[in-house]
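# Summary of the model geometry
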Amino acid sequence: MSSLQSRPKIVCLTGGIGAGKSTVGEVFNNLGIGVYNADETAKRLMQEDEPLKSSLTALLGQSTYDQDGELNRSWIAQRLFNDPELLNKWNALVHPVVAQDFEQWIRMQSGPYVIKEVAILFETAGQKKCDSCILVTAPEHIRIQRVMQRESWSHHQVLERIKHQWPDEKKIPLADYVIENLDLNILSQELRRIHSALSQK
């Protein structure tokens, strides 16, 4: 059996900002399933991977990292979210490095499947690289409240981020499983059912 055939299936977990992807990921982790957070990994690699750091600095300039070598996140966000072409160039540098890291990670995993948590999935046709997709949803006003509390962002800042993501109505038809994250007990029960179904596939 080849390594491609024997590796776990990839179940992509996505949802709009503030929907609660990380909460869902924790439940799967507690069920013994490996969870790969693509966005957190991207942040780590942008901080640690020297070739990637050089490429990002060449794209945006020396202000990409501050005097302590830390990623200048707020400055970068202002540049990228106001320039779709520049954002595409940034992603073209970051995504292949994350993809390579994921391939190394999944080779070390066992079990019937793994969870790959990705904020932007359907917008980039990323579902084509998944065996199944789980979409986490929540009403927009609740998502806004969650992000404002978590990030200390203004209402306007959260809306700007939401604007760059597809609405749930557009993503729902593309997902294999859709769960609403409002009540943790109900959420856990639903995820256990999904876990059972995915384990049997």
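Scroll up for the structure.
Anyway, here's the lowdown on the structure attached to this text. On a predicted model such as this, the values are computed, not experimentally measured, just so you know. Residue positions are given per chain, counted from 1 along the sequence in the order it is written. It should be noted that, the model being predicted, local features are given only for residues of pLDDT at least 70 and side-chain atom pairs only at 80 or more, the latter also being counted only at that level, while totals for whole chains, interfaces and linings use all residues. The side-chain figures draw on all heavy atoms in the structure; neither hydrogens nor water molecules are used.

### Considerations on the overall build of the protein chain
Only DSSP runs of H or I reaching four residues or more are called helices, and only runs of E reaching two or more are called strands; each is numbered from the N terminus. Counting its regular elements, the protein chain contains 10 helices and five strands. The C-alpha radius of gyration of the protein chain comes to 18 Å, within 12% of the 17 Å expected for a compact globule of 201 residues. With respect to the three principal axes, the spread of C-alpha positions in the protein chain is 50 × 45 × 30 Å. The buried label applies to any residue whose accessible area, calculated with a 1.4 Å probe on protein chains only, is under 20% of its type's maximum; exposed applies above 50%, and partly exposed to all values in between. For the protein chain, the proportion of its 201 residues judged to be buried stands at 41%. Across the protein chain, contacts joining residues at least 24 apart in sequence account for 72% of those joining residues at least 6 apart. For accessible areas, the Shrake-Rupley method is used with a probe of radius 1.4 Å. Any residue's cover is judged against the shown protein chains and nothing else. Surface summary for the protein chain: the accessible area is close to 11500 Å², and the carbon and sulfur share equals 48%. None of His or the chain ends enter the tally, which takes Lys and Arg as positive and Asp and Glu as negative. By convention, the point assigned to a charge is CZ for Arg, NZ for Lys, CD for Glu and CG for Asp. Computed over 23 positive and 25 negative side-chain charges, the separation of the two mean positions in the protein chain equals 4 Å. Atoms counted for the radius of gyration: C-alpha only. Globule rule: 2.2 Å times the number of residues to the power 0.38. Whether two residues are in contact is decided by their heavy atoms: any pair within 4.5 Å suffices.

### A look at helix α10 (residues 184-200)
Taking 1.5 Å as the rise per residue, α10 with 17 residues should run 24 Å; its terminal C-alpha atoms sit 24 Å apart, in good agreement. Leu187, Leu191, Ile194, His195 and Leu198 are the residues of α10 that are buried. Buried positions in α10, seen along its axis, are confined to an arc of 110° and lie on one side of it. Facing away from the buried side of α10 by more than 90 degrees, the exposed set consists of Asn185, Ile186, Arg192, Arg193 and Gln200. Between the side-chain oxygen of the N-cap and the backbone nitrogen of Asn185 there are 3.0 Å, and the N-cap of α10 in question is Asp183. The length a helix should cover is 1.5 Å for every residue beyond the first. What the arc describes is the spread of directions from the helix axis to the C-beta atoms. Two N or O atoms count as a polar contact when they lie within 3.5 Å, although within protein this holds only if one can serve as hydrogen donor and the other as acceptor, and sequence-adjacent residues are included solely when both atoms are side-chain atoms.

### Things to note about the packing of aromatic side chains
The pairing test for Phe, Tyr and Trp rings, Trp by its six-membered ring, is centres within 6.5 Å, and the orientation test on the planes gives stacked under 30 degrees, edge-to-face over 60, and tilted for anything in between. For the structure shown, the criterion picks out four aromatic pairs. Ring geometry for Phe28 against Tyr113: centres 6.2 Å apart, planes inclined by 90°, an arrangement best described as edge-to-face. Pair noted here: Phe28 is in helix α2 (residues 21-30) and Tyr113 is in strand β3 (residues 113-117), with a separation of 85 residues, a long-range link. We classify Tyr113 as buried; its relative accessible area is 1%. A connected cluster of aromatic rings, assembled from ring pairs, spans Tyr36, Phe102 and Trp105. Looking at Lys116, its charged tip hangs above the ring of Phe102, at a distance of 4.3 Å from the centre. When the NZ atom of lysine or the CZ atom of arginine is within 6 Å of a ring's centre and also within 35 degrees of its normal, the charge is said to sit over that ring. Taking NZ or CZ as reference, Lys170 lies 4.1 Å from the ring centre of Trp166, over its face.

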